[in-house]
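One letter stands for each residue in the lines below.
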Amino acid sequence: MEIFAPTNPPSHLTAHEINKLGTWFTWSPEARRFCHDWGRRMRGAEPPRRIRLLGGIPYDQTYSGEARPLDAELDGQLMTFAEAFFGLEVPDDLMLLTDMMDAEFDGQALRSLLAYLRDALVRITGERMHALYSPIPTDEANGVEFLLHADLYLPRILFCVYEETPEDDTGASTFLPAPTFKRLLGGVRALPEEARQQLHSHLDDTHGEDHHDTFVNLLHGREHAWVDELEAALREHLFRVNLLYGQGYLINDRMWLHGRDAPGRMGNGIRMHRLIFNTKKYHTAKAGGR
């Protein structure tokens, strides 16, 4: 199964500079048929539940559908879909997404699918922390800016789709290529060499634990003398794009810094659906490095 197919940019982004950095995709016809079938068959089903994987430490939570087993036919289709996701070749540039939801496959259906897809990826890899589905509710996003960062969780690939978006032009997604980021570090005069090397290492090396908090602190911790100069350089070079309902991105977290401007107040739904996972390439590399 092919998961994605190339498509044209949305009409409001046809001439946007973001198109220089990536290509637009949507569900392939086969994947969309599966999504529509999933939406019909799971309509009215019990919603996925949140579980903690490591006793409640930071970043160990995910939503899961494991409490409600699927029938054999649907489970087989899900595993085919999951195997295709696991086998994705994610490019170094941006994979921008559009038309990922519609009348037959809405946010509730996507939430259900991603929870079960997370479980299926764990069945494939045998690594329960190498696929996490953590939707971001609007009450966590309202008025909050997420400065440029890399998540640096154990999984490397981010699949993000927006559901509820502001009606104004607030809440834009922000991106900065990692090579540009590394080049900018060399021009931050106040940044010590040790800190610069640590930032490089977090992006370049394979780690056995997440480094989100350490990386974000080095970028934005107000106790550091270099932060104002570094943040100014990041703001000058980042790319900003407003992504709407059913739009999103698929990226290698080590190849892109990403963030979100503060959105205006919205409703009480899901701001973003986010699946963090490893493809076969990175699962194999991890296994080979043991």
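Residues numbered from 1 in each chain as written. Predicted model: local features only at pLDDT ≥ 70, side-chain atom pairs only at ≥ 80, totals over all residues. Heavy atoms only, no water.

### Concerning the overall build of the chain
Summing up its helical and strand segments, the chain has nine helices and 14 strands in all. Against the 2.2 N^0.38 benchmark of 19 Å for 290 residues, the chain shows a C-alpha radius of gyration of 19 Å, consistent with a compact globule. Summarising its shape, the C-alpha atoms of the chain cover approximately 60 × 45 × 35 Å along the three principal directions. The proportion of buried residues among the 290 residues of the chain is 55%. (Helix = DSSP H or I, 4+ residues; strand = E, 2+ residues; numbered from the N terminus. Rg over C-alpha atoms; globule rule 2.2 N^0.38 Å. Buried < 20%, exposed > 50% of the residue type's maximum accessible area, 1.4 Å probe, protein only.)

### Considering helix α1 (residues 29-41)
If you check α1, its first and last C-alpha atoms are 18 Å apart, about what 13 residues at 1.5 Å a residue would give, namely 18 Å. Taken together, the buried positions of α1 are occupied by Ala 31, Arg 32, Phe 34, Cys 35, His 36, Asp 37, Trp 38 and Gly 39. Along its buried surface, α1 packs onto β2 (22-27), α2 (72-86) and α3 (107-125). (Expected span 1.5 Å × (residues − 1). Contact = heavy atoms within 4.5 Å.)

### Remarks on the pattern of salt bridges
The final tally for this structure, using the stated rule, is 17 salt bridges. A salt bridge links Arg 254 to Asp 253; its shortest N-O distance comes to 3.3 Å. Grouping residues by exposure puts Arg 254 and Asp 253 together as buried. What emerges from the salt-bridge pattern is a single network uniting Asp 37, Arg 40, Arg 41, Asp 71, Glu 73 and Glu 104. (Salt bridge = Lys/Arg side-chain N within 4 Å of Asp/Glu carboxyl O.)

### Comments concerning the pairing of strand β9 (residues 157-162)
Here β9 lies mainly inside the structure; six of its six residues are buried. Both faces of β9 are covered, namely the face carrying Ile 157, Phe 159 and Val 161 and the face carrying Leu 158, Cys 160 and Tyr 162. Inspection of the sheet shows β9 paired to strand β12 (residues 248-252) by five bridges, in the antiparallel sense. Along β12, the bridge assignment pairs Phe 159 with Leu 250. Of the pairings in the sheet, the one linking β9 to strand β14 (residues 270-277) comprises six bridges and is antiparallel in character. Within the sheet, the bridge partner assigned to Cys 160 lies in β14 and is Arg 274. (Pairing = 2+ DSSP bridges.)

### Focus on the nonpolar core
Counting 46 residues, the largest nonpolar core has Phe 4, Trp 27, Trp 38, Phe 85, Phe 159, Leu 250 and Phe 277 as its most contacted members. For this core, the secondary-structure elements that each account for two or more residues are β2, α1, α2, β5 (94-97), α3, β6 (131-133), β9 and β14. Considering every element that reaches this core, the biggest residue donor is α3, with 10 residues. With residues near it in sequence (within four places) discarded, Leu 250 still touches Phe 4, Leu 88, Val 90, Leu 94, Met 95, Leu 97, Ile 157, Leu 158, Phe 159 and Phe 277. (Core = buried A, V, L, I, M, F, W, Y, C linked by side-chain atoms within 4.5 Å.)

### Points about the environment of Ile 3
Structurally, the position occupied by Ile 3 is in the segment before β1 (4-6). Accessibility expressed as a relative area gives 2% for Ile 3, which makes it buried. Distance in space between the C-alpha atoms of Ile 3 and Phe 81 is 7.6 Å, their sequence separation being 78 residues. Discounting residues that sit within four places of it in the chain, Ile 3 has contacts with Thr 26, Trp 27, Ser 28, Ala 31, Phe 81, Ala 84, Phe 85 and Leu 88.

### Details of the packing of helix α7 (residues 212-220) against helix α8 (residues 227-237)
Relative to each other, α7 and α8 sit at 95°, their axes nearing to 7 Å. Comparing the axis directions of α7 and α8 gives the class roughly perpendicular. Contact residues: Leu 218, Leu 219 and His 220 in α7; Val 227, Leu 230, Glu 231 and Leu 234 in α8. (Axes fitted to C-alpha atoms, helices over the stretch in contact; angles between N-to-C directions. Parallel < 35°, antiparallel > 145°, perpendicular 65-115°, else oblique.)

### Description of the packing of α1 against α2
Interaxial distance between α1 and α2 falls to 11 Å at its minimum, and their mutual angle equals 145°. Handedness of the α1/α2 crossing: left-handed. Residues Ala 31, Phe 34, Asp 37, Trp 38 and Arg 41 of α1 form the contact with α2, whose own contacting residues are Glu 73, Leu 74, Gln 77, Leu 78 and Phe 81. A per-class count over the contact of α1 with α2 returns six nonpolar, one polar and three charged. (Left-handed = near helix turned anticlockwise from the far one by under 90°. Nonpolar A, V, L, I, M, F, W, Y, C, P; charged D, E, K, R; others polar.)

### Some words on α7
Taken together, the buried positions of α7 are occupied by His 212, Phe 215, Leu 218, Leu 219 and His 220. Buried residues in α7 make contact with β8 (146-149), α5 (178-185), α6 (193-204), α8 and β13 (256-260).

### Side note on the pairing of β12
Among the five residues of β12, five are classified as buried, and the element is accordingly described as predominantly covered. Side chains of β12 alternate between two faces, with Gly 248, Leu 250 and Asn 252 and Tyr 249 and Ile 251 buried alike. Examined bridge by bridge, β5 and β12 share three bridges and lie antiparallel to one another. Of the residues in β12, the one forming a bridge with Leu 96 is Tyr 249.

Purely spatial values, then, with no claim about function.
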